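Remarks on the overall topology
These are the residues of each chain, in order.
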Amino acid sequence: MRKFSNKSLSVTWLKAAVIGSLWASVEIIAGSFLHNLRIPLSGTLLSCFSVFLIIAFFQLWDDAGIIWRTGLVCALMKSLSPSAVIIGPMIGIMSEAVIIWIFIIIFGKNLLSYILGGAIAVASALLHKFASLLILYGFNLVIILKELYRYTVKQVRIETPDPMWLIGLIVVLYMVLGIIAAIMGYFAGKRYKLKPHSVFESNQVELKSKSELLTQSGKKTYSLFLLVGHLLAIILCLWLLNTADYILSIPLCSLYLVACFIWYRDSMRFLRKAGFWIQFVLITIIAALLLEGYTSGKYFSVRGLIIGIQMNIRAFIILTGFGAISVELKNPLVRTVLYNKGFASLYQSLSLAFSALPDIIANLPKARQFFKEPKTLISHLFSVSLKLFSRFNTELARRPSLIIITGEVGQGKTSFITQMLCNMRENGLKAGGILAPGIFMNDRKEGFWLDDIITGHRYHLSSRSPKNGWLRYGHYYFNPKILRQGNDILVKAAENKVSLLVIDEVGPLELADHGWAPAIDKLSVSTTIPHLWAVRKSLVARASRKWSFGEVYIFDIDEDREEEIVRTIENVLDFDLPL
């Protein structure tokens, strides 16, 4: 037997889930608002608001460990955004939280540490932007910027100052913005702590029933081989470009780019943005005009043009490659491995944060109020956070248990459960739900029945042969009327206060949000009745994480005895169901 629990989580991780979900919602709403208006330095404004938010919340919950955990939760929530390239924003969010956390650890919980942390955190956004551009375009970008600076100074006929002086001035400006954000956050948090209030109506936050963390988007398939392959391909392409062997590098780089555009089409949204192409053209032109022209006196340089194009190809490869990597990192197997390697608290915190995100976004004030009334906004966020913390605690406590019987396809999971239910019924256990025994003709499985465990009624669920109006999934055609009937059977069984809900089986249909998924969505959050599922081995990891259950027990019919399974069910019923 394997077992894991989603019912226990430290207070620190719970609070990180609360703040992380609120921070992510602000990033989504305010970020979209700023980018749609094409406001310059929108990333800097978001950094200032992040500092404001972190320090304000720290006045309410002053556990320093919350800060870096919150940054990690918010950064990883960003990883499931529809944006194509998310690694850069993730690093930015995480670095802001870590910087503030470090200063609090060093200088203590006081205004000085908040000011220093806020100043460096916002200034780091500038460093992060420069580092991102440097990674994209290489060190030739530094040469171009230097030549552009010298050319501009010459044209305005002023004495050439040291470029470092200008850089220092910009850094100081960013630090001043960070200081202002830190001070505002400090006093906003103190003010709310003394006098809690909210100017907006804040209802109870509703949570989504299933976790998006292991939900595979559409029919997208993932590959660990591709994940590693993209990293190697990026390194190889950049090395080839640096060798200036264009006969070899251009065809190979083009082949890689075309393959990514075909396979990861939805993740290449940056190609639709006018700003990307404007930047592409500007860098090419500036490189052609200034890379050698300023020093040689010529207005155009073929070598500069080639270098400009090379820089843009480099940027194409990095953006495309990391866009593909961002998709592959959503591989459910990657997340499951991380969970099993000691990241269970992070997973649970993320799961809670994701479950609250849609309702938080729906009930937040309009984006314009984020900037017009930051003080009233933070009071609203504080009010929501207290309710959300209570809601998360309640959610963890009431999660039903899940018992999974697993085995290979055709190994007899249904027969095993049927016999086990007969034995348990003799001991007075009231079970309800559905079984799906196979329909065999000439030793060949032709479809499935659907049996109502309580009434004993049998329905024709699926067939290999096409039938008018039936829906095809895999090798079988399913009767949509009986699919709805099966969901109704599960809901009615819960209403009849059964002791155990049985679902045979949870498979690809349910993982794609069809089949019995509607009933599971509803019953996993509306009741505390334990579930017993049949799941094939290859799908156990995804099925066990998709919905928010508490204690999860996984039994293999090859390895575990029926007596042990029955004993576990009896223990679950004794301790988890209300009297």
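**Some words on the overall build of the protein**
- In terms of helices and strands, the protein carries 22 helices and 11 strands.
- Going through the 579 residues of the protein one by one, you find that 51% of them count as buried.
- Partitioning the intrachain contacts of the protein with sequence separation of at least 6 by distance along the chain shows that 75% fall at a separation of at least 24.
- Of the roughly 28200 Å² of accessible surface on the protein, 63% is carried by carbon and sulfur atoms.

**Looking at the environment of Ala 188**
- Position of Ala 188 relative to the elements: it lies in helix α7 (residues 163-194).
- Taking relative accessible area as the criterion, Ala 188 reaches 3% and is therefore assigned buried.
- C-alpha of Ala 188 to C-alpha of Ser 379: the two residues are 191 residues apart in sequence and 7.8 Å apart in space.
- Among residues more than four places away in sequence, those in contact with Ala 188 are Phe 52, Ile 378 and Phe 382.

**Examining a nonpolar patch on the surface**
- Taken together, the side chains of Tyr 246, Ile 250, Val 281, Ile 285, Leu 289, Phe 300, Val 302 and Ile 306 make up a nonpolar region of the molecular surface, amounting to roughly 660 Å² of accessible area.
- Residue placement: Tyr 246 occurs in helix α9 (residues 246-263).
- Note on Tyr 246: relative accessible area 34%, which makes it partly exposed.

**Some points on the packing of helix α3 (residues 65-78) against helix α14 (residues 344-363)**
- α14 packs onto α3 with a crossing angle of 60° between their chain directions and a minimal axis gap of 10 Å. With respect to α14, the axis of α3 lies oblique. Like other packed secondary-structure pairs, α3 and α14 cross with a definite hand, here right-handed. For the pair formed by α3 and α14, the contact residues are Leu 72, Val 73, Leu 76 and Met 77 on the first element and Leu 346, Ser 349, Leu 350, Ala 353, Phe 354 and Leu 357 on the second.

**Let's talk about the pattern of salt bridges**
- Counting across every chain of the model gives eight salt bridges.
- Arg 391 is the partner of Glu 395 in a salt bridge, and the nearest nitrogen-oxygen pair spans 3.9 Å. Note that Glu 395 and Arg 391 are positioned in helix α16 (residues 374-398) at a spacing of four residues, about one turn of the helix. Each member of the pair, Glu 395 as well as Arg 391, is classed as buried.
- Its salt-bridge partner being Glu 505, residue Arg 536 comes within 3.7 Å of it at the nearest N-O pair. Of this pair, Arg 536 sits in strand β10 (residues 531-536) while Glu 505 sits in the loop between β9 (500-504) and α19 (508-511), placing them 31 residues apart in sequence.
- Looking at Glu 505, the relative accessible area reads 24%, which means it is partly exposed.
- Look at the salt bridges and you will find they share partners, linking Arg 391, Glu 395, Arg 398 and Arg 399 into a network.

**So, α3**
- Under the 1.5 Å per step criterion, the end-to-end length of α3 is 20 Å for 14 residues, consistent within 8% with the ideal 20 Å.
- Looking at α3, one finds that the buried residues are Gly 65, Ile 66, Ile 67, Arg 69, Thr 70, Gly 71, Val 73, Cys 74, Ala 75 and Met 77.

**Digging into the packing of aromatic side chains**
- In total, this model carries 14 aromatic pairs according to the counting rule given.
- Between Tyr 114 and Tyr 186, the aromatic rings sit 5.7 Å apart at their centres with planes inclined by 40°, giving tilted as the arrangement. Placement of Tyr 114 in helix α5 (residues 111-137) and of Tyr 186 in helix α7 is noted, with a sequence separation of 72 residues between them. Each member of the pair, Tyr 114 as well as Tyr 186, carries the same accessibility label: buried.
- One aromatic cluster is present, formed by Phe 57, Trp 61, Tyr 192, Phe 382 and Phe 389 through successive ring pairs.
- Over the ring of Phe 389 we find Lys 15, and its NZ or CZ is 5.9 Å from the ring centre.
- Here the guanidinium or amino end of Lys 546 rests over the ring plane of Trp 547, the centre of that ring lying 5.4 Å away.

**Things to note about the pairing of strand β3 (residues 431-435)**
- With five of its five residues buried, β3 lies for the most part within the structure.
- Inspection of the sheet shows β3 paired to β9 by four bridges, in the parallel sense. Its bridge partner being in β9, Ala 431 is matched across the sheet by Leu 500.
- Bridging between β3 and strand β5 (residues 444-452) involves two bridges; their strand directions are antiparallel. Directly across from Ile 434, in β5, lies its bridge partner Asp 452.

**Digging into the nonpolar core**
- Judged by nonpolar contacts, the single largest core of 70 residues is most densely connected at Phe 57, Ile 378, Leu 381 and Phe 392.
- Elements that contribute at least two residues to this core include exactly α1 (11-36), α2 (42-60), α3, α4 (87-107), α5, α7, α14 and α16.
- Apart from residues lying up to four places away in sequence, Phe 392 is in contact with Leu 14, Ala 17, Val 18, Leu 207, Leu 352, Ala 353, Ser 355 and Ala 356.
- If you look at the next biggest cluster of nonpolar residues, it comprises 37 residues, including Phe 478, Leu 501, Trp 516 and Leu 539.

Reading the values: the criteria
- Along each chain, numbering runs from 1 in the same order as the chain's sequence is written.
- Since the coordinates come from a predicted model, pLDDT governs what is reported: local features require at least 70, and pairs of side-chain atoms require 80 or more to be given and counted, while whole-chain, interface and lining totals use all residues.
- With hydrogens and water excluded, all non-hydrogen atoms of the structure serve as input to the side-chain values.
- For helices the rule is a DSSP run of H or I covering at least 4 residues; for strands it is a run of E covering at least 2, with both sets numbered from the N terminus onward.
- Three exposure classes are used, based on accessible area relative to the maximum for each residue type with a 1.4 Å probe and protein chains only: buried under 20%, partly exposed in between, and exposed over 50%.
- Only heavy atoms enter the contact rule, under which two residues are in contact if any of them lie within 4.5 Å.
- In these tables, accessible area is a Shrake-Rupley quantity obtained with a 1.4 Å probe, and a residue counts as shielded only by the protein chains included in the view.
- Patch criteria: residues need more than 30% relative accessible area and no salt bridge. Like-charged residues are merged within 9 Å; nonpolar side chains of Val, Leu, Ile, Met, Phe, Trp and Tyr are merged within 5 Å.
- Between Lys or Arg on one side and Asp or Glu on the other, a salt bridge is scored when a side-chain nitrogen of the former is within 4 Å of a carboxyl oxygen of the latter.
- Here, axes are lines fitted to C-alpha atoms. For helices the fit covers the stretch in contact, and angles between N-to-C directions go from 0 to 180 degrees.
- Oblique is the label for every angle not falling under 35 degrees (roughly parallel), over 145 degrees (roughly antiparallel), or within 65 to 115 degrees (roughly perpendicular).
- By definition, any crossing whose near helix is turned counterclockwise from its far helix by less than a right angle is left-handed, and any crossing with a clockwise turn is right-handed.
- To estimate the expected span of a helix, count its residues, drop one, and scale the result by 1.5 Å.
- Ring geometry is summarised as follows: Phe, Tyr and Trp rings, the Trp one being its six-membered ring, pair when their centres sit within 6.5 Å, and such pairs are stacked at plane angles under 30 degrees, edge-to-face over 60 and tilted between the two.
- Put simply, a charge is over a ring when the Lys NZ or the Arg CZ is close to the ring centre, within 6 Å, and near the line of the ring normal, within 35 degrees.
- Two strands are counted as paired when DSSP detects at least two bridges linking them.
- Residues belong to one nonpolar core when they are buried, are Ala, Val, Leu, Ile, Met, Phe, Trp, Tyr or Cys, and are joined through side-chain atoms within 4.5 Å.

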